[in-house]
Amino acid sequence: AHFRLFCLASAAHERVDHAFAVEAVAEHLNVHLAALDALEADGYAFHRRTVRLLASDARAHLAQRVYEGLLVSRPGLEVERAPLASAYYDGLRFMVDVHTAAGERVPLIDGGLFDWLHRLAGNAKLSLVASGLGSQLAATLFRQGAQE
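Every value quoted in this text rests on a predicted model; they were computed, and no experiment measured them.

Draft legend 1. Looking closely at the side chain of serine 131. Structurally, serine 131 is set in strand β6 (residues 126-133). A distance of 2.7 Å separates a polar atom in the side chain of serine 131 from a polar atom in the side chain of histidine 28. When sequence neighbours within four positions are dropped, the list of residues in contact with serine 131 reads Phe6, Cys7, Leu8, His28, His32, Phe94, Asp110 and Gly111.

Put into structure tokens, the structure is as follows:
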């Protein structure tokens, strides 16, 4: 199936205490949430937003730091935390679910930390955060009048 996405990627040498990973995940979330804000200002209707932070035991402290940052940057945002069950991500994944007018929960944004770059380059200090927003799905389901 073919569909359209709005994607972000951030890569760098990791810093002390995984500062790059935490800052990049937070930045991706804030950019995606700001995109939803801008779409709402242009006539889209996202009735509720829920951020899910999923982390392995080894990366739970990173998810906690992202969570604490979200509390400051987006007070009132609903944030759920859960264990990460997928080996596809490097221990940290985030998702943003939005709700339709009928209350259906739709996963619209997905991203996380990946080990692809350090495996490809053979350098464990390289870190990659990538994410995507289902722009075609947003236009289909959340444009005002799309569900009427």
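Draft legend 2. Inspection of the pattern of salt bridges at higher detail. Following the criterion strictly, the structure yields eleven salt bridges and no others. For the salt bridge of arginine 105 with glutamate 80, the shortest nitrogen-to-oxygen distance reads 3.0 Å. On the criterion of sequence distance, the pair formed by arginine 105 in strand β5 (residues 105-114) and glutamate 80 in strand β3 (residues 78-83) is long-range, its members being 25 residues apart. The exposure class assigned to glutamate 80 is partly exposed, which follows from its relative accessible area of 29%. Here aspartate 110 ties to arginine 93 by a salt bridge, and the two come within 2.6 Å at their closest N and O atoms. Of the two residues, aspartate 110 is situated in strand β5 and arginine 93 in strand β4 (residues 92-99); the sequence distance between them amounts to 17 residues. Relative accessible area serves as the criterion here: at 25%, aspartate 110 is assigned to the partly exposed category. Note on arginine 93: relative accessible area 19%, which makes it buried. What emerges from the salt-bridge pattern is a single network uniting Asp37, Glu40, Arg49 and Arg74.

Draft legend 3. Summary view of the environment of alanine 34. Tracing the backbone through its elements, the reader meets alanine 34 in helix α1 (residues 19-41). Note on alanine 34: relative accessible area 36%, which makes it partly exposed.

About the thresholds
Residues numbered from 1 in each chain as written. Predicted model: local features only at pLDDT ≥ 70, side-chain atom pairs only at ≥ 80, totals over all residues. Heavy atoms only, no water. Helix = DSSP H or I, 4+ residues; strand = E, 2+ residues; numbered from the N terminus. Polar contact = N/O pair within 3.5 Å; in protein donor to acceptor, adjacent residues only side chain to side chain. Contact = heavy atoms within 4.5 Å. Salt bridge = Lys/Arg side-chain N within 4 Å of Asp/Glu carboxyl O. Buried < 20%, exposed > 50% of the residue type's maximum accessible area, 1.4 Å probe, protein only.

In short, geometric facts, not functional conclusions.
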